[in-house]
Amino acid sequence: MKFRFLLLLPELVLLFFFVAPMFKRICNLGNLGGALGCLVLMVLTVFPRQIWHLLQRIWSCLPGKIGLSALCVCLAAGILFCGAMSVQMVRAVTNLPDMPQTVVVLGCKVRGTTPSAMLTRRLEKALEYLNENESVMCITTGGQGAGEEIAEGVAMKTWLVAHGIAEERILVDDTSADTHENLENAAAILDAQCMSREVVIITDGFHQYRAHLFAEQAGLQAYSDSAYTKPLYIPTYWVREWMALFELLVLRRG
């Protein structure tokens, strides 16, 4: 009994990781789904006998057997999918370039004309890479979204120039609306400039695998250089990526 209730501690900690970002105005399907999953686990931990008796009653009739069997199959498939995607996401993060390549910085929220905290961390990583490889060009990507006074690609170029990167080293995509278009437009810019289609994608680590899938669709050979992500936000965005990858790979949307 006591051991069972000890399980509540990690479940509460995990719930905190999904709920806390909401107080930083980060609210998406990742933390909503993660928080719901934590609450379900907590109910199972606190009321195992009641849940077991309920399942037995449901199983006692044929429709109940069919429903529970279908639920178990879906849960098993979901766990396998999330596990496989997590492996691929980690592999994408470790796909580092073996030589300098053109940098593609993926778009993220701009607040007015100022890059958001997450976008700033991507730009800091881009700045570090560009300073280490002074012959490398950079493509900043992203159009103007709701609440943004300028396009994300333009805001990123302004930030990089203000931090010492020569303006002529930066090419801008200022029309893309999502990651897919980020990479499609970057490929078009590379072709227009007669540049190699090998690139280093700078984005958050959790985002690299999906970005690489879109890069492959665009005909790019992509490598990774990942920005720092605050640990508090990783569970939320990791779960959100599972959902986005399900939509992309299973539902074939995106």
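Structure shown above.
Residues numbered from 1 in each chain as written. Predicted model: local features only at pLDDT ≥ 70, side-chain atom pairs only at ≥ 80, totals over all residues. Heavy atoms only, no water.

1. Focus on the pairing of strand β1 (residues 102-105)
- Burial along β1 is two-sided: the residues T102 and V104 and V103 and V105 are all buried.
- The pairing of β1 with strand β6 (residues 198-204) spans 4 bridges and is classified as parallel. Each bridged residue has a counterpart across the sheet, and for V105 the counterpart in β6 is I202. (Buried < 20%, exposed > 50% of the residue type's maximum accessible area, 1.4 Å probe, protein only. Helix = DSSP H or I, 4+ residues; strand = E, 2+ residues; numbered from the N terminus. Pairing = 2+ DSSP bridges.)

2. Section: the sheet that holds strand β4 (residues 138-141)
- Across the sheet, which stays open at both edges, the 5 strands sit in the order β5-β4-β1-β6-β7 with parallel pairing between neighbours. This sheet does not close on itself; its edge strands, each paired only once, are β5 (170-173) and β7 (221-227). Taking the axes of each pair of neighbouring strands and ignoring which way they run, one obtains an average angle of 25 degrees across the sheet.
- Across 4 bridges, the pairing between β4 and β5 is parallel. Each bridged residue has a counterpart across the sheet, and for T140 the counterpart in β5 is V172. (Axes fitted to C-alpha atoms, helices over the stretch in contact; angles between N-to-C directions.)

3. Some thoughts on the packing of helix α8 (residues 179-192) against helix α9 (residues 208-217)
- Remark: α8 packs on α9, axes separated minimally by 9 Å, with the N-to-C direction vectors making an angle of 45 degrees. In terms of their interaxial angle, α8 and α9 are classed as oblique. Seen from above, α8 lies across α9 with right-handed handedness. Side by side, α8 and α9 meet where T179, H180, L183 and E184 of the first sit next to R210, A211, F214, A215 and Q217 of the second. (Parallel < 35°, antiparallel > 145°, perpendicular 65-115°, else oblique. Left-handed = near helix turned anticlockwise from the far one by under 90°. Contact = heavy atoms within 4.5 Å.)

4. Let's talk about the environment of Y233
- With respect to the helices and strands, Y233 occurs in the loop between β7 and α10 (234-249).
- Taking the C-alpha atoms as reference points, Y233 and E168, 65 residues apart in sequence, are found 35 Å from one another.
- In this structure Y233 touches P21, K24, I26 and R121, once residues within four positions along its chain are discounted.

5. Examining the pattern of salt bridges
- Under the definition given, this model contains 6 salt bridges.
- Across the pair R122 and D204 runs a salt bridge whose closest N-O atoms are separated by 2.8 Å. One end of the pair, R122, is in helix α6 (residues 117-132); the other, D204, is in strand β6, with 82 residues separating them in the sequence.
- When its relative accessible area of 3% is taken as the criterion, R122 is described as buried.
- The salt bridge partner of D191 is R197, with a shortest N-O separation of 2.5 Å.
- Taking relative accessible area as the criterion, D191 reaches 38% and is therefore assigned partly exposed. (Salt bridge = Lys/Arg side-chain N within 4 Å of Asp/Glu carboxyl O.)

6. Topic: the packing of helix α5 (residues 62-93) against α10
- α10 packs onto α5 with a crossing angle of 105 degrees between their chain directions and a minimal axis gap of 10 Å. Here α10 runs roughly perpendicular to α5, going by the angle between their axes. Counting all contacts with α5, which are made through F81, C82, M85, S86, M89 and V90, the residues of α10 involved are W238, E241, W242, L245, F246 and L249.
- Tallied by class, residues from the contact of α5 with α10 come to 10 nonpolar, 1 polar and 1 charged. (Nonpolar A, V, L, I, M, F, W, Y, C, P; charged D, E, K, R; others polar.)

7. Considering the environment of G30
- Take G30: it is sitting in helix α3 (residues 29-46).
- G30 sits in the buried class, given a relative accessible area of 0%.
- As for G30 and N95, which are separated by 65 residues in sequence, their C-alpha atoms are 25 Å apart.
- Setting aside chain neighbours within four positions, we find G30 in contact with F18, T236, V239, R240 and M243.

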